[in-house]
Amino acid sequence: MTAFRGIITLKHIFVLAFCVGISATLANALQWRDCGSEATIFNVFVSSCEDQSTCPMKKGSNVSLVVWFEPNKQITKATASMRGIMAGVPLPFPLQNPDGCKDSGLKCPLVGYESYNYTNSVYMHENYPTVKLLVEWELRDQNGDVIWCILVPAKIIN
Ligand SMILES: *[C@@H]1O[C@H](CO)[C@@H](O)[C@H](O)[C@H]1NC(C)=O
Ligand SMILES: *[C@@H]1O[C@H](CO)[C@@H](O)[C@H](O)[C@H]1NC(C)=O
């Protein structure tokens, strides 16, 4: 009986440690939101942001994005765009490579219900303002439909 009780206690400690670990991870994970994707998004990765809820985007560096997703139909053409939303006003960020089918990890046509990782990066110009903003990244298909759209809270830093 004593041994049994000992096991239970140890198990509870493990469960507790596991839960604390999970909430610590959640508190620090990238806080992305879906803004109207047709595809299913499995995960979003932003460089420099793995363990922060507000992504620091350093001026003079390239910030890269990976979106792991599964389209719900065939995609023959994909165009990426990015905006920074400040006080509700969206301002475009120019992307060096807006072609989602080129140098992005995607080989078009994409097949519906298969999963892919899209990669792109954006250069943070030195003349950008040092502000907090909501970054909206999206990828549209051959018909202009939104394949995926994600929102990430970020701040531009020196
Ligand atoms: C950012 O990316 C561009 C294009 O790939 C590259 O030419 C440039 O050297 C990179 N800059 C930095 C600071 O990594
Ligand atoms: C996408 O990247 C994630 C993380 O690196 C990986 O676990 C996953 O298998 C990748 N998916 C595809 C379809 O390559």
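Residues numbered from 1 in each chain as written. Chains lettered and ligands numbered in written order. Predicted model: local features only at pLDDT ≥ 70, side-chain atom pairs only at ≥ 80, totals over all residues. Heavy atoms only, no water.

Caption draft 1: Region of the structure containing the side chain of Lys59. Position of Lys59 relative to the elements: it lies in the loop between β3 (55-58) and β4 (62-70). For the buried Lys59, which has no salt bridge, the nearest side chain bearing the opposite charge is Glu126, at an N-O separation of 8.9 Å. Of the polar contacts made by the side chain of Lys59, one reaches the backbone oxygen of Tyr128; its length is 2.8 Å. Ignoring any residue separated from it by four or fewer positions in sequence, one finds Lys59 in contact with Met124, His125, Glu126, Tyr128, Pro129, Thr130, Ile156, Ile157 and Asn158. (Helix = DSSP H or I, 4+ residues; strand = E, 2+ residues; numbered from the N terminus. Buried < 20%, exposed > 50% of the residue type's maximum accessible area, 1.4 Å probe, protein only. Lys, Arg positive; Asp, Glu negative; His and termini not counted. Salt bridge = Lys/Arg side-chain N within 4 Å of Asp/Glu carboxyl O. Polar contact = N/O pair within 3.5 Å; in protein donor to acceptor, adjacent residues only side chain to side chain. Contact = heavy atoms within 4.5 Å.)

Caption draft 2: Main features of the sheet that holds β4. The 3 strands are arranged β2-β4-β7 in an open sheet whose pairing can be described as antiparallel. Each edge of the sheet is formed by a strand with only one pairing partner; in this case those strands are β2 (40-46) and β7 (116-123). Taking each pair of neighbouring strands and ignoring which way they run, the sheet shows an average axis angle of 20°. (Pairing = 2+ DSSP bridges. Axes fitted to C-alpha atoms, helices over the stretch in contact; angles between N-to-C directions.)

Caption draft 3: The site of ligand 1, seen in detail. Taken together, the neighbourhood of ligand 1 is formed by Gly60, Asn62 and Gln96. Between ligand 1 and the protein, one listed contact pairs an oxygen atom with a side-chain N or O atom of Asn62 at 2.4 Å. (Near = heavy atom within 4 Å.)

Caption draft 4: Structural view of the pairing of strand β8 (residues 132-140). Of the strand pairs in this sheet, strand β5 (residues 79-86) and β8 are connected by 7 bridges, and their pairing is antiparallel. Paired with Met82 across the strands is Trp137, a residue of β8. Relative to strand β9 (residues 146-157), β8 runs antiparallel, the two being bridged by 9 bridges. Looking at β9, one finds that Glu136 is bridged to Leu151. Where β8 hands over to β9, the hairpin turn is made up of 5 residues, of which Gly144 adopts a positive phi near 85°.

Caption draft 5: Layout of the nonpolar core. Judged by nonpolar contacts, the single largest core of 35 residues is most densely connected at Phe69, Trp137 and Trp148. At the level of elements, β2, β3, β4, β5, β7, β8 and β9 are the ones that each hand at least two residues to this core. Filtering out sequence-adjacent residues up to four positions away, Trp137 remains in contact with Val46, Val63, Leu65, Ser81, Met82, Leu95, Val122, Trp148, Cys149 and Ile150. (Core = buried A, V, L, I, M, F, W, Y, C linked by side-chain atoms within 4.5 Å.)

Caption draft 6: The pattern of salt bridges, seen in detail. Applying the stated criterion to the full structure yields 6 salt bridges. When the shortest N-O distance is used, the salt bridge between Lys73 and Asp145 registers 3.2 Å. Linking Lys73 in the loop between β4 and β5 with Asp145 in the loop between β8 and β9, this pair joins segments that are 72 residues apart in sequence. Given the relative accessible area of 26%, Lys73 is considered partly exposed. The exposure class of Asp145 is partly exposed, given its relative accessible area of 28%. Shared partners join several salt bridges into a network, and the residues in it are Glu38, Lys73, Asp141 and Asp145.

Caption draft 7: Broad picture of the site of ligand 2. As a structural note, the neighbourhood of ligand 2 is formed by Phe45, Trp68, Ser115, Tyr116 and Asn117. Here Trp68 contributes a side-chain N or O atom positioned 3.2 Å from a nitrogen atom of ligand 2. Partitioned by chemical class, the residues of the shell around ligand 2 number 3 nonpolar, 2 polar and no charged. (Nonpolar A, V, L, I, M, F, W, Y, C, P; charged D, E, K, R; others polar.)

Caption draft 8: Layout of the environment of Leu110. For Leu110, the location among the structural elements is in the loop between β6 (89-93) and β7. Apart from the residues within four sequence positions on either side, Leu110 is in contact with Phe69, Pro71, Lys73, Gln74, Ile75 and Tyr116.

Caption draft 9: A look at the state of the cysteines. Following the criterion strictly, the structure yields 3 disulfides and no others. The disulfide partner of Cys35 is Cys149, and the S-S distance across this bridge is 2.0 Å. Note on the Cys35 and Cys149 pair: the S-S dihedral is about -95°, so by sign convention the disulfide is left-handed. Here Cys35, found in the loop between β1 (33-34) and β2, pairs with Cys149, found in strand β9; they are 114 residues apart in sequence, far enough to count as distant. Judged by its relative accessible area of 26%, Cys35 is partly exposed. (Disulfide = S-S within 2.5 Å.)

Keep in mind that these numbers describe shape and distance, not what the molecule does.
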